[in-house]
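Close look at the chain arrangement
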Amino acid sequence: MKAKSYGNMLIVIICILVIFSLHSNNSCAQLWKPLPPYNILWPLWSPVLSPKDPLTGLPTPLVSSLTDKTYLPVQPALVWDPSLPYFYLLYNYVPLDGTANQLLYFDPTEGAFSPVYSFKVWPPAYLLKPVTTTTYTGTVTSIVPAPLTLPTGYASLISFDPALWLNFWVPLVNPAYENLYGIYPSLLTASSILPASFVFSGSYTPAVI
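Residues numbered from 1 in each chain as written. Predicted model: local features only at pLDDT ≥ 70, side-chain atom pairs only at ≥ 80, totals over all residues. Heavy atoms only, no water.

A look at the overall build of the chain
What counts is decided by this rule: In this description a helix means any DSSP run of H or I spanning at least four residues, a strand means any run of E spanning at least two, and both kinds are numbered starting from the N terminus. A 1.4 Å probe rolled over the protein chains alone gives each residue an accessible area, and that area as a share of the maximum for its type sets the label: buried under 20%, exposed over 50%, partly exposed in between. Throughout, a residue-residue contact means that at least one pair of heavy atoms, one from each residue, lies within 4.5 Å. Working definition of accessibility: Shrake-Rupley area with a 1.4 Å probe, residue cover restricted to the visible protein chains.
In terms of helices and strands, the chain carries four helices and eight strands. In sequence order, the chain lays out its α and β elements as α-β-β-β-β-β-α-β-β-β-α-α. Relative to its 209 residues, the chain shows a buried fraction of 36%. Looking at the chain alone, contacts between residues at least 24 apart form 54% of all its contacts between residues at least 6 apart. Counting every atom, the chain has about 12300 Å² of accessible surface; 65% of that belongs to carbon and sulfur.

Brief notes about the pairing of strand E5 (residues 102-106)
How we decide: Each pair of strands is called paired provided DSSP finds at least two bridges between the two strands.
Counting buried positions along E5 yields four of five residues, so the element is predominantly enclosed. Sheet topology note: the strand E4 (residues 88-93)/E5 ladder contains five bridges and is antiparallel. Bridge pairing in E5 places Tyr 93 opposite Gln 102. Bridge count for E5 against strand E6 (residues 119-121) is three bridges, and the pairing is antiparallel. Within E6, the residue paired with Leu 104 across the bridge is Val 121.

Observations regarding the nonpolar core
Applicable threshold: Take the buried residues of types Ala, Val, Leu, Ile, Met, Phe, Trp, Tyr and Cys, join any two whose side-chain atoms come within 4.5 Å, and each joined set is a nonpolar core.
Counting residues in hydrophobic clusters, the biggest one holds 46 residues, and the most contacted among them are Trp 32, Trp 42, Leu 66, Leu 89, Leu 90, Trp 122 and Leu 166. Of all the secondary-structure elements, those providing two or more residues to this core are strand E1 (32-35), strand E2 (40-43), strand E3 (77-79), E4, E5, helix H3 (162-181) and helix H4 (190-193). Top contributing element to this core by residue count: H3, with eight residues. Discounting residues that sit within four places of it in the chain, Leu 166 has contacts with Trp 45, Leu 78, Leu 89, Pro 171, Ala 190, Ile 193 and Leu 194.

Some thoughts on the pattern of salt bridges
A side chain of one charge can pair with a side chain of the opposite charge when the charged atoms of the two come close. For clarity, the cut-off: The salt bridge criterion pairs a side-chain nitrogen of Lys or Arg with a carboxyl oxygen of Asp or Glu, the two atoms within 4 Å.
Taken as a whole and assessed by the stated rule, the structure comprises one salt bridge. We note a salt bridge from Lys 120 to Asp 107, for which the minimum N-O separation is 3.1 Å. Pair noted here: Lys 120 is in strand E6 and Asp 107 is in the loop between E5 and helix H2 (108-111), with a separation of 13 residues, a long-range link. With a relative accessible area of 27%, Lys 120 lands in the partly exposed category.

Things to note about the sheet that holds E4
This is how the line gets drawn: The axes used here are C-alpha line fits, helices contributing only the stretch in contact, and every angle between their N-to-C directions lies in the interval 0 to 180 degrees.
Strand order in this open sheet of four strands is E3-E4-E5-E6, and the pairing throughout is antiparallel. The two strands at the open ends of the sheet, each matched to only one other strand, are E3 and E6. For this sheet, the mean inter-axis angle between neighbouring strands, taken without regard to orientation, is 40 degrees. H3 contacts E3, E4, E5 and E6 of the sheet and is inclined by roughly 20 degrees relative to E4.

Shown next as structure tokens:
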């Protein structure tokens, strides 16, 4: 009888530990991954932008870096500088002369006035810095990445609801992009970027850097 009682107690303890583990993993789930060379955050919470790796089962960004020449398999993509109260939407632009792809970003600080003229070549200027080196032939100034300094807890950070932002901006920005660069029937909608079900809750508000 005692053995049966101990067995039942052990089952209960195991169930409690499993539930606690699942709750803990869910509450601390990684929502963002920084991408080189600027440490800009890519959303792991979007199934279309970060599908699950068939081997690990973990959400994995569609691209491994974001430079001005990165080509996006789907567009728009979404990235975030956690010091800002808005996201950047990213698009491809392949010039008519056949030169290399240019990665564009939509600047919402200007888009409120004119979405059509708010597309710029990635990255924003503040993610770059000039570096001067001295050689025997003289001095040379080059422009290099200035990676973001990410706040503690950035991986699970949500400070405002992405659904509200995406539902407002994507229906405005996609047509503006098509007016400039041609029709793309496969452009992602706000609902296709968002997960099927996810509760966004603001748990941390970063200081402006």
